[in-house]
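Read off the chains here:
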Amino acid sequence: MKDIKKMKQIHIFVAAFISCLLFYGIVFWTGGTIYPFPHLFYLTIVFASFYGNWFITLFTAGFASILMSYWLMPIQIEDYMLQDHFSWLFRTMMFLFVAVITKLSADFIRNQRRIAMENSEQIIAFQKATFNGILNLAEARDPETTGQHLERLSYFAKILLENIPIPSAEKTHIISTIAFHDIGKIAIPDEILQKPGKLTDLEFEVIKDHAVIGGELLRRIEESLTDEDDLHEMIKTARELTYFHHERPDGKGYPLGLKGDEIPFAAKVTALCDVYDALTSKRPYKGPIPHDQCVKIIQQGRGTQFDAEIVDQFMAVHCKFKEIAETFKDGSILLEKNIFLHTDEIIKNKKMKKVNKTSCI
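Overview of the structure.

Reading the values: the criteria
Residues numbered from 1 in each chain as written. Predicted model: local features only at pLDDT ≥ 70, side-chain atom pairs only at ≥ 80, totals over all residues. Heavy atoms only, no water. Helix = DSSP H or I, 4+ residues; strand = E, 2+ residues; numbered from the N terminus. Buried < 20%, exposed > 50% of the residue type's maximum accessible area, 1.4 Å probe, protein only. Polar contact = N/O pair within 3.5 Å; in protein donor to acceptor, adjacent residues only side chain to side chain. Phe/Tyr/Trp six-rings, centres within 6.5 Å; stacked < 30°, edge-to-face > 60°. Axes fitted to C-alpha atoms, helices over the stretch in contact; angles between N-to-C directions. Parallel < 35°, antiparallel > 145°, perpendicular 65-115°, else oblique. Left-handed = near helix turned anticlockwise from the far one by under 90°. Contact = heavy atoms within 4.5 Å. Nonpolar A, V, L, I, M, F, W, Y, C, P; charged D, E, K, R; others polar.

### Brief notes about the side chain of Asp182
With respect to the helices and strands, Asp182 occurs in the loop between helix H6 (168–177) and helix H7 (190–193). Residue classification places Asp182 among the buried positions, given a relative accessible area of 8%. Here the side chain of Asp182 touches His210 through a polar contact of 3.0 Å, side chain to side chain.

### Points about the packing of aromatic side chains
Going through the model one piece at a time under the given rule, you end up with 24 aromatic pairs. With a centroid separation of 6.2 Å and 25° between ring planes, the pair formed by Phe86 and Phe90 is classed as stacked. Here the residue Phe86 and the residue Phe90 both occupy positions in helix H4 (residues 85–141), the gap between them amounting to four residues, near one helical turn. For Phe90, a relative accessible area of 49% gives the class partly exposed.

### Structural notes on the packing of helix H10 (residues 265–280) against helix H12 (residues 308–327)
In the contact formed by H10 and H12, the axes pass within 12 Å of each other and the chain directions differ by 40°. Classed by the angle they form, the pair H10 and H12 counts as oblique. Both H10 and H12 take part in a crossing whose hand is right-handed. Residues Phe265, Lys268, Val269, Leu272, Cys273, Tyr276 and Thr280 of H10 touch H12, and the partners they reach there are Ile310, Val311, Phe314, Phe321, Lys322 and Ala325. Classifying every residue of the contact of H10 with H12 gives ten nonpolar, one polar and two charged.

This is the structure:
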């Protein structure tokens, strides 16, 4: 880093030096300091002062002053009329004044920007810690929403999105916030949320409210942020996948019964990842379903329960889904519960099991 900064300063010094010589030539060939062209040196002085260090700043102002001095630049070339000393000294003082003021202003702006960035980073860190606390609280209440479940969803989303042509920022937002999908369950009564047996129709209707509750919670957070806020787009993605991850392309989902393209893309990704994980995981009312059977179930739901494009992508990478499901089984050692860690960073901390690719074809 120091070498890069040093090279940058060298380039600025060379540019300032050459431009001073260039402007000297312009002033000389246009007839001397009687014409306004000496003011061109202010461009070089401002450039050097804004981007260079103090040495470059003062050197540029001093070098410009020498080039426009009593000895090197007459006031009029044609008659070789020399400048008076006062004009040269006054110009020198102005060169130095502009250089110092520009340098002080540039340093002040950079310092204020650095302080603002530090404060912004602290606020974002606090916001992330708050979100993680809420998410962990929701986990503790729902026996199905384990830490491994949330980690698996992040891995599934990353694998599923690898070859889908969407902006990388959108992929990152989905991977980072997919853990929010069931945050609304924090408001569901324990006797329903933790019931070991099958839910009644009425109880299931109560459970379905978690999508609206979670979506509204995140909507309020989203509205408190400005469009320029670093977290705004991330929370927007979290809201969409939380509110709509139980919608279906055929319109038979909930809470709004959206169809096809009406469903946000992040919610479509979450729906498939969440169902696959539910099928392959052990629950109080069922055992884990084999991977091959899960693949058939998802394939059968193509275009009805799941988005056709998402299913097609799943079929191309489903072996990796099996690998993740086996590696991060419930009851294994948890990784750090930070939903905002990028998936690549998480994977570095845990060795993935190797499976025979032909076993899930």
